[in-house]
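If you want the building blocks of each chain, they are given just below.
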Amino acid sequence: MAATRQFGAGSSQPTGPRPGGPGAGFASFERAKNSRAALSRVWDYLKVSKRDLLFVVVLVVISTLAGVYLPILQGRAIDGYILKGNLQGLGRLLLSYVGLLIVQAATGFGQSWIMPAISQRTVMLLRKNLFEHLQLLSLRYFDSKPHGELMSRLTNDVETINMVLTVSATQLVSSVLTIVGTCVTMLAVNWIMALVTLISVPIMGAIVRYIAGHTRRGYRQQQATLGVMNGLIEETVTGERVVKAYAREQEAVDSFQQSNTAYVKASTFAQTFSGVVGPVSGFVGHLSVAIVAFCGAVLAINGLATVGTIAVFVSYSRDLSRPMMNIASLFNTIQSALAGVERVFEVIDEVPELQDAPNAIVLEHTQGDVVFDNVCFNYVPDVPVLKNVSLHAEPGQTVALVGPTGAGKTTVANLLTRFYDISSGSIRIDGHDLRDLEKDSLRRAIGLVLQDNFLFAQSVMENIRYGRLEATDEEVIAAAKLANADQFIRRLPHGYDTNLAERGANLSQGQRQLLAIARAMLAQPQILILDEATSS
């Protein structure tokens, strides 16, 4: 590699604040900040499936109308045929009744067939946008967020949205239409009994409103504490060797128990209010049926209603309580989903700290002239790491940075690759300030090998090829030979096709470093940075 700059650096690592230890976040996030905005943004993703959604709405309307008309047929059967002993007419009516049931079943099947596809398409796009945005965020953002908590947003929170779209959305629309259609029909049939039947509506509305306010807060806390617990699990499992080396198993268990207890408290709070919905709604519904039956009997005795009309309103009273119970229970699911939606969009709305300038320069052929000019930098405000650092590495020169741990050697490497932006001063490559260069082209010109290298749970061949994805097998092997890794690779069970454990746990630290060096060699960078990469 001609004109290669080599920087040897130490192992000091940035240590940003990590908000939220075990159990943290329980009292934060008490309720959704802006539910309407969250729903509006979900709709933006649903617009991709507008035609399918319209078709589902048509199916829901047909199914609801069929369900609303069924009690009318029951009343006609009693008054017009059963009480008069007209079995022939009753048979014809029965055929119409069965036909409506078939229509209901067919439209319901259509909803259950189409809606999951719409939901998966929407969630796939949302998950894709979230993951893509995570790739744009700077390392400073990841320094301040537990990784498990971010994973929870990408998996658990997105899945709650999927659950709501797949099942709850159509049920909610159907329930609302059923209530409206039932009320209109009842008023047309007998307005007195309709008013009696509708007594339960404001009662159920008050119950739903009261429970919704509490469940939203509970589910928000539940999602937040779940993210904290996932972060603790991910951190503990990743650092299991350290836990065992220092015999800290009990401390790990205690920390997990603290986080687990916080999650249980949040879940219990949310689910307690969720559990109240069913019994209370059921009681109100049965009480409504009893009141309708009694009032209908009084009206029938006075000649103001027929037996068939009473049967119709008893059926409607049952049909009215069922969608209201559905809405009440759906509110719990929707509250959980709203909490998930907001947490997902909180990440998507995070503005990347490092962005390319409007007319960023693409760094193509680098000479490798590196200049640090009075560079100052701090990871945490008011805690300087570098103060007025200046250095000049000429093309072809090898520069070694030596100093105690925490002196800022790794920080120099992080700044040269523009993982972070400096506080003041300037860093230039071939006379260009890093902030004027396109980030991707800058990093393609630089090969960075860290002391603690990350290997993927793939084959040795694919781990080295990560440095240049289009490289041939022969080029990968040549890079491995250049890094003196070829011999130990060939001694592995399947050579270059040997699959590595997560983070390369089935290799020694030195072997992992050699693979990382081979990966950097394959990328053919013009500037090579070794951060104690040969320490093992």
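As shown above, the structure is provided for reference.
Before going into details, it helps to say that this report is about the structure given with it.

Rules used throughout
- Residues numbered from 1 in each chain as written.
- Predicted model: local features only at pLDDT ≥ 70, side-chain atom pairs only at ≥ 80, totals over all residues.
- Heavy atoms only, no water.
- Helix = DSSP H or I, 4+ residues; strand = E, 2+ residues; numbered from the N terminus.
- Buried < 20%, exposed > 50% of the residue type's maximum accessible area, 1.4 Å probe, protein only.
- Contact = heavy atoms within 4.5 Å.
- Patch = residues over 30% accessible without salt bridge, like charges linked within 9 Å, V, L, I, M, F, W, Y side chains within 5 Å.
- Areas by Shrake-Rupley, 256 points an atom, 1.4 Å probe, with all protein chains shown as cover.
- Salt bridge = Lys/Arg side-chain N within 4 Å of Asp/Glu carboxyl O.
- Pairing = 2+ DSSP bridges.
- Axes fitted to C-alpha atoms, helices over the stretch in contact; angles between N-to-C directions.
- Parallel < 35°, antiparallel > 145°, perpendicular 65-115°, else oblique.
- Left-handed = near helix turned anticlockwise from the far one by under 90°.
- Phe/Tyr/Trp six-rings, centres within 6.5 Å; stacked < 30°, edge-to-face > 60°.

Next up on the list: the overall build of the protein. Assigned secondary structure in the protein consists of 16 helices and eight strands. Buried residues in the protein amount to 44% of all 536 residues. Taking all contacts inside the protein whose residues are at least 6 apart in sequence as the whole, residues at least 24 apart take part in 82%.

Together, Leu54, Phe55, Val58, Ile62 and Val103 give the surface a local cluster of nonpolar side chains, amounting to about 410 Å² of exposed area. Sorting elements by how many residues they give to the nonpolar patch places helix α2 (residues 50-82) first, with four residues. The topology assignment puts Val58 in helix α2.

Turning next to the sheet that holds strand β5 (residues 424-429). Across the sheet, four strands lie side by side as β3-β2-β5-β6; this open sheet has antiparallel pairing. Looking at strand neighbours, the two that pair on one side only are β3 (386-393) and β6 (432-433), the edges of this open sheet. Bridging between β5 and β6 involves two bridges; their strand directions are antiparallel. The residue of β6 that forms the bridge with Ile429 is His432.

Okay, the packing of helix α3 (residues 87-136) against helix α5 (residues 147-189) next. Two numbers describe how α3 lies on α5: the axes approach to 9 Å, and their chain directions differ by 155 degrees. In terms of orientation, α3 lies roughly antiparallel with respect to α5. For the element pair α3 and α5, the recorded crossing hand is right-handed. Counted together, Gln111, Met115, Pro116, Ser119, Gln120, Thr122, Val123, Leu126, Arg127, Leu130 and Phe131 of α3 and Arg153, Leu154, Val158, Glu159, Ile161, Asn162, Leu165, Thr166, Ala169 and Thr170 of α5 form the full contact between these two elements.

Attention shifts here to the packing of aromatic side chains. This structure, assessed with the given rule, holds nine aromatic pairs. Taking the centre distance of 6.1 Å and the plane angle of 45 degrees together, the rings of Tyr45 and Phe345 count as tilted. Here Tyr45, found in helix α1 (residues 35-46), pairs with Phe345, found in helix α10 (residues 307-348); they are 300 residues apart in sequence, far enough to count as distant. Summarising the burial analysis for this pair, Tyr45 and Phe345 share the class buried. Members of the aromatic cluster, joined through ring pairs, are Phe377, Tyr379 and Tyr420.

To continue, consider the pattern of salt bridges. Per the counting criterion, the structure on display carries 16 salt bridges. The partner of Arg41 in a salt bridge is Asp349, and the shortest N-O contact between them spans 2.7 Å. A residue pair is termed long-range when its members are at least 10 positions apart, and Arg41 in helix α1 and Asp349 in the loop between α10 and β2 (370-377) qualify at 308 residues. The class for Arg41 is partly exposed, based on a relative accessible area of 28%. Look at Asp349 and you get partly exposed, because its relative accessible area is 43%. For the salt bridge of Arg444 with Glu438, the shortest nitrogen-to-oxygen distance reads 3.9 Å. Among the ionic contacts, a cluster of salt bridges with common partners joins Glu462, Arg465 and Asp473.

For the pair helix α14 (residues 473-482) and helix α16 (residues 509-523), the least separation of the axes is 8 Å and the interaxial angle reads 125 degrees. With respect to α16, the axis of α14 lies oblique. Taken as a pair, α14 and α16 cross one another with a handedness that is right-handed. Of α16, the residues touching α14 (which contributes Glu475, Val476, Ala479, Ala480 and Leu482) are Ala518, Met521 and Leu522.

Keep in mind these numbers describe shape, not what the thing actually does.
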